[in-house]
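# Structural description and commentary
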Amino acid sequence: MISLSNAVLIRGPQTLLDHTNLVIQRGHKIGIIGRNGSGKSSLFACLRGELPLEEGELQLPEKLRIASMRQEILDTQRKALEFVIDGDNAYRELERQLSDAESNHDDAAIARIHSELDALDAYSVTTRARQLLSGLGFGVEQFELPVSAFSGGWRIRLNLAAALMCPSDLLMLDEPTNHLDLEATLWLEGWLARYQGTLLIISHDRDFLDRVIDGVVSFENHRLVYYRGNFSAYEVQRAERLALQQAMYEKQQRRRAEIEDFVRRFRYKATKARQAQSRLKVLKRMEEIAAAHVDSPFHFRFPQPLQQPEFLLTLDKLAIGFDRVLVSDINLSVRSTTRIGLLGVNGCGKSTLLKVLGGMLLPLGGEINRARGLRVGYFAQHQVDVLNLQTSPLAQLQLLRPQQREQDIRDYLGGFDFQGNRVLEPVINFSGGEKARLALAIVCWQQPNLLLMDEPTNHLDLEMRHALTVALQEFSGAVIIVSHDRHLLNNTVDEFYLIRDGKCKLFDGDLSDYEKMLLTAVNVAEMPRQADVADTRPEDKKQRRQQAAVKREQLAPQRRKLQQLEKMLTDLGREVAQINDLLADGDLYEAGRKIELNRLLQRQGEVIRQLAQTEESWLQASEELEQLLQDSR
């Protein structure tokens, strides 16, 4: 058991914890959450004995083995495999002792050390290190490369592997998924599910937390508040606590109404049964947990685009890459309502495609037709590095739109939590998270009608990620996103494109389907290959074609029914929008137009009832089709 009693923790001039208490039971897996700068990493330093309490008491079990993920990026010639093995301090110490004993010909010490090595399962240490490296995405040919040969993100992965390598009773991980792709994140989720010790994890990836933790410790007003369950359970419990305050309750209701409006707008644009059904579920979930974030300091909107052409971009046999072609034959039309999430392993070409679409990189072949009114907002991790560090946020936004009133700019920056004189300070004094927020604010300020976003949530805490998700929901332009934040993708895009084997194709499914595909690929790769000679015979191929034709014929009526319902949803949704436009006319409410007003209101009620009934039929038909598909497999 770990306990803090009446703890006061101070870092520099800032009080992080003020007479707070906390108990963490052995074997629990806890997510540590709070805004950037609230003290999460300092709490880890305190538990490691690196930062003392000003007051109060910290109690840890005797002989507690602690493993922690190093945050600094080392530049060393140590080989990657050896660097990871170094994470097992006990093994390295016994290895050193064994070398000394052998040099001194101390047979008794040699026998004792070999016994201790055997107890540590030390003879599998190289195998375990190789498994960790493979799981985190390193190729076998990289195991012998020096640490200095890797980029910063890959060195962080090595730090993570070294922490996992260390035998521990308490494992503390600080943002372990920041530089992981989805494949590595899924592998890590599985590894942590099998971990037997106590886990404390700082992460801004809510889907990752949901799958790993069984409790949440939240920094709130310099206190540590414990919530039972995963992150989703925390949001529900926190919403209930905040609802006890009348002002918070009223704010919750307003936010809930905004989310409900977004859900309604999406319902009438359903295009693919399974993905649309999944999307409705996550949007309803977004509606339910909105109340937990009403006290967030972040709330911003993307300004309305200056122009909104119907077609923004058309790609015709586009080829992209650098020295060689990475992806070819890309055909895609980007409309003003397009919302795409790009999927694929690291290095497949997702970021390269965004750079080509944004004009930062020339294509290697094919054509890009851009609309005359196209205005691109491009956000990537490197945008933080090109900020003018010597000027203030206010000055940088004034430069982009000189005609804008200073108070309007201050109000806008306030939504990104740049308050008071903070908007006048030079950016050089800002933290990494603040710089990321400012870079995002600058992109939004340019009033784009096409947003290209490459890992926009890096360096953003949970509350800012939530605010970005809400802002993207409300954005009226087109969006193409590359992100490993599954919650962001689930709540902001309508379709996915998969880049694989040098091609970019529409992915027929949702993120859950993509995860299953990745996990299946890993399992297949680990299975021994067996030649299936019978499968290649002509009669077997003919039989499979006949079976496929029968399945198609069985499913055809249900597919037609679903298509008819989707068309009805679209038509009814369009009529609702037209009626709402007419009802927005103030002249309609004059005494002489009372009959016309009543007729419109009556028709509005009829259409809304038809919409509800049709949507219910569509959901039922979707479930029936899904069941037929499962039965036919």
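Scope of this entry: the structure provided in the associated data block. Quantities reported herein were computed from a predicted structural model and do not represent experimental measurements.

What counts, and at which threshold
Residues numbered from 1 in each chain as written. Predicted model: local features only at pLDDT ≥ 70, side-chain atom pairs only at ≥ 80, totals over all residues. Heavy atoms only, no water. Helix = DSSP H or I, 4+ residues; strand = E, 2+ residues; numbered from the N terminus. Contact = heavy atoms within 4.5 Å. Areas by Shrake-Rupley, 256 points an atom, 1.4 Å probe, with all protein chains shown as cover. Pairing = 2+ DSSP bridges. Axes fitted to C-alpha atoms, helices over the stretch in contact; angles between N-to-C directions. Buried < 20%, exposed > 50% of the residue type's maximum accessible area, 1.4 Å probe, protein only.

### Here's the deal with the overall build of the chain
From N to C terminus, the chain includes 20 helices and 18 strands. Across the chain, the fraction of contacts at a sequence separation of at least 24, relative to all contacts at a separation of at least 6, is 70%. Accessible surface for the chain amounts to roughly 31,600 Å². Of this, 49% is attributable to carbon and sulfur atoms.

### Some details on the sheet that holds strand 18 (residues 503-507)
Strand order across the open sheet formed by six strands is 14-15-16-12-17-18, with mixed pairing between neighbours. For this open sheet the edge positions go to strand 14 (376-379) and strand 18, each flanked by a neighbour on one side alone. Along the sheet, successive strands turn relative to each other by an average axial angle of 20 degrees, direction set aside. As paired strands, strand 17 (residues 495-500) and strand 18 are joined by five bridges and run antiparallel to one another. Within strand 18, the position partnered with Ile499 by the bridge is Cys504.

### Some words on the pairing of strand 8 (residues 215-220)
Across the six residues of strand 8, six count as buried, placing the element largely inside the fold. Residue alternation in strand 8 divides its side chains into two sets, Gly215, Val217 and Phe219 and Val216, Ser218 and Glu220, and both sets are buried. Summarising the sheet, strand 3 (residues 29-33) and strand 8 pair through four bridges and their orientation is parallel. Residue pairing across strands places Gly31 opposite Val216, the latter belonging to strand 8. Inspection of the sheet shows strand 8 paired to strand 9 (residues 223-228) by six bridges, in the antiparallel sense. Residue pairing for strand 9: Val216 is matched across the bridge by Tyr227.

So, to be careful, I would describe these as geometric facts and stop short of saying anything about function.
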